[in-house]
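Given next are the chains, with one letter for each unit.
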Amino acid sequence: MVDKRDRVSEILRKKEVSGDYGKSLEKIYSRLDSLGELEITFSALKDDEAVNSLLENEGIWDAYAVMSEGAKYIPVGLVACLESYLRVQVARVVDSHEFYKNRASQLQVKLDLKTAIGLEVNKLTIGEFISHLVKLNNIEDINKTMTIIMGDDFLENVSIWREKLDYQVDLFNTPHEEKFGHMLANLKRVFEYRNLICHESYFDPKIIEHLMHTQDVVNFIGAVNGFVDAHIESKQVN
């Protein structure tokens, strides 16, 4: 079967909406802020007697189910932010040094002549092309793709940077490995239920309360930033 997708047009449309590297990150962080505020709002309103009474007066008897329906957007938005962020970083990393371009050649990404010409004509980079096509559908895909490009175990290094950046006081002295494992488990759950939310008509509304992990996404992105920045710098120095 011939793939009729116009990859160049897709990348151009995405760039028109997201903007350059700085603008893309700004929009991602802004959306994460909104998702965090939505989590707080849901948590505050779901058990608020005044809100429930007001909704009942409007004929809405199951206010919790209604608010949970709206809160389903949270894991969908979190996956969108994390995936968008990683695609931005893939493009940045690949375009930053020949080392990463050579590593990226190991990915299962095909470039035909028409697309190659389209990239040159529209002044698009090989990093932008690769970032548009790589698989980032779950934590396993992310780790595999980023490990190939970086040449070092991705999650292992993200864990190291997360420990460096973890300034939160832990009264229970929880080991870092346990905290990082808990964060990854939360992110895996968000990816899993995001697919269910998008493709299934129903699941228990109470599950939504266990999918509010905006802070985990923010912490993960912060650790990725540290690892990627340091890795790029080390290649450019050499």
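What comes next concerns the included structure.

So, how was this worked out
- Residues numbered from 1 in each chain as written.
- Predicted model: local features only at pLDDT ≥ 70, side-chain atom pairs only at ≥ 80, totals over all residues.
- Heavy atoms only, no water.
- Buried < 20%, exposed > 50% of the residue type's maximum accessible area, 1.4 Å probe, protein only.
- Helix = DSSP H or I, 4+ residues; strand = E, 2+ residues; numbered from the N terminus.
- Arc of directions from axis to C-beta.
- Contact = heavy atoms within 4.5 Å.
- Salt bridge = Lys/Arg side-chain N within 4 Å of Asp/Glu carboxyl O.
- Disulfide = S-S within 2.5 Å.
- Core = buried A, V, L, I, M, F, W, Y, C linked by side-chain atoms within 4.5 Å.
- Axes fitted to C-alpha atoms, helices over the stretch in contact; angles between N-to-C directions.
- Parallel < 35°, antiparallel > 145°, perpendicular 65-115°, else oblique.
- Left-handed = near helix turned anticlockwise from the far one by under 90°.
- 1 Å grid on protein atoms, 1.4 Å probe; cavity = no way out; pocket = protein on both sides within 12 Å on 5 of 7 lines; lining within 4 Å.
- Points joined across faces, edges and corners; volume = space filled by probe spheres on them.
- Nonpolar A, V, L, I, M, F, W, Y, C, P; charged D, E, K, R; others polar.
- Phe/Tyr/Trp six-rings, centres within 6.5 Å; stacked < 30°, edge-to-face > 60°.
- Lys NZ or Arg CZ within 6 Å of the ring centre and 35° of its normal.

**Section: helix 7 (residues 113-121)**
Turn by turn, an α-helix covers 3.6 residues, leaving residues three or four places apart pointing in a common direction.
Stage number 1. Those residues of helix 7 that sit buried are Thr115, Gly118 and Leu119. Burial along helix 7 is one-sided: seen end-on, the buried residues are contained in an arc of 100 degrees. Counted as exposed and oriented over 90 degrees from the buried face of helix 7: Leu113, Glu120 and Val121.
Stage number 2. Check the buried side of helix 7 and you find it contacts helix 1 (7-18) and helix 8 (126-133).

**Considering the side chain of Thr145**
Stage number 1. As for its position among the elements, Thr145 is in helix 9 (residues 139-150).
Stage number 2. Once you skip the residues sitting within four places of it in the chain, Thr145 turns out to touch Leu107, Val134, Lys135 and Leu136.

**Topic: the pattern of salt bridges**
Stage number 1. On inspection of all chains with the given rule, the structure shows eight salt bridges.
Stage number 2. Between Arg162 and Asp166 there is a salt bridge, and its shortest N-O distance comes to 3.7 Å.
Stage number 3. Each of Arg162, Asp166 and Lys179 takes part in a single network of salt bridges with overlapping partners.

**Re the state of the cysteines**
Stage number 1. The tally for this structure, following the rule as stated, stands at zero disulfides.
Stage number 2. The structure places no disulfide on Cys81, whose sulfur is separated from the nearest cysteine sulfur, that of Cys198, by 14 Å.

**Focus on the nonpolar core**
Stage number 1. With 60 residues, the main nonpolar core has Phe154 and Phe220 as its most contacted residues.
Stage number 2. With eleven residues, helix 5 (residues 73-96) is the single largest residue contributor to this core.
Stage number 3. With residues up to four places along the chain from it excluded, the contact list for Phe154 reads Leu86, Ile142, Asn143, Met146, Thr147, Phe220, Val224 and Phe227.

**Digging into the packing of helix 5 against helix 9**
Stage number 1. Contact geometry of helix 5 with helix 9 gives a least axis separation of 11 Å together with a crossing angle of 15 degrees. For the element pair helix 5 / helix 9, the angle class is roughly parallel. Both helix 5 and helix 9 take part in a crossing whose hand is left-handed. Two secondary-structure elements touch here, helix 5 through Leu86, Val90, Val93 and Val94 and helix 9 through Ile142, Met146, Ile149 and Met150.

**With respect to the layout of surface pockets**
Stage number 1. Put simply, the largest pocket is a space of about 560 Å³.
Stage number 2. Those elements giving two or more residues to the lining of the largest pocket turn out to be helix 1, helix 2 (21-45), helix 5 and helix 8.
Stage number 3. Top contributing element to the lining of the largest pocket by residue count: helix 5, with seven residues.
Stage number 4. Considering only residue class, the lining of the largest pocket consists of eight nonpolar, six polar and eight charged.

**Considering the packing of aromatic side chains**
Stage number 1. Counted by the stated rule, this structure contains three aromatic pairs.
Stage number 2. Geometrically, the ring pair formed by Phe99 and Tyr100 is edge-to-face, given 5.2 Å between the ring centres and 80 degrees between the ring planes.
Stage number 3. Ring geometry for Phe154 against Phe227: centres 6.1 Å apart, planes inclined by 55 degrees, an arrangement best described as tilted. You can see Phe154 sitting in helix 10 (residues 154-165) and its partner Phe227 sitting in helix 12 (residues 214-237), a full 73 residues away along the chain. As far as the burial class goes, Phe154 and Phe227 line up, both buried.
Stage number 4. Following the ring pairs from residue to residue traces out a cluster consisting of Phe154, Phe220 and Phe227.
Stage number 5. Over the aromatic face of Trp161 sits the side chain of Lys164, whose NZ or CZ is 4.1 Å from the ring centroid.
Stage number 6. For Lys235, the ring lying beneath its charged end belongs to Phe99, and the centroid distance is 3.9 Å.

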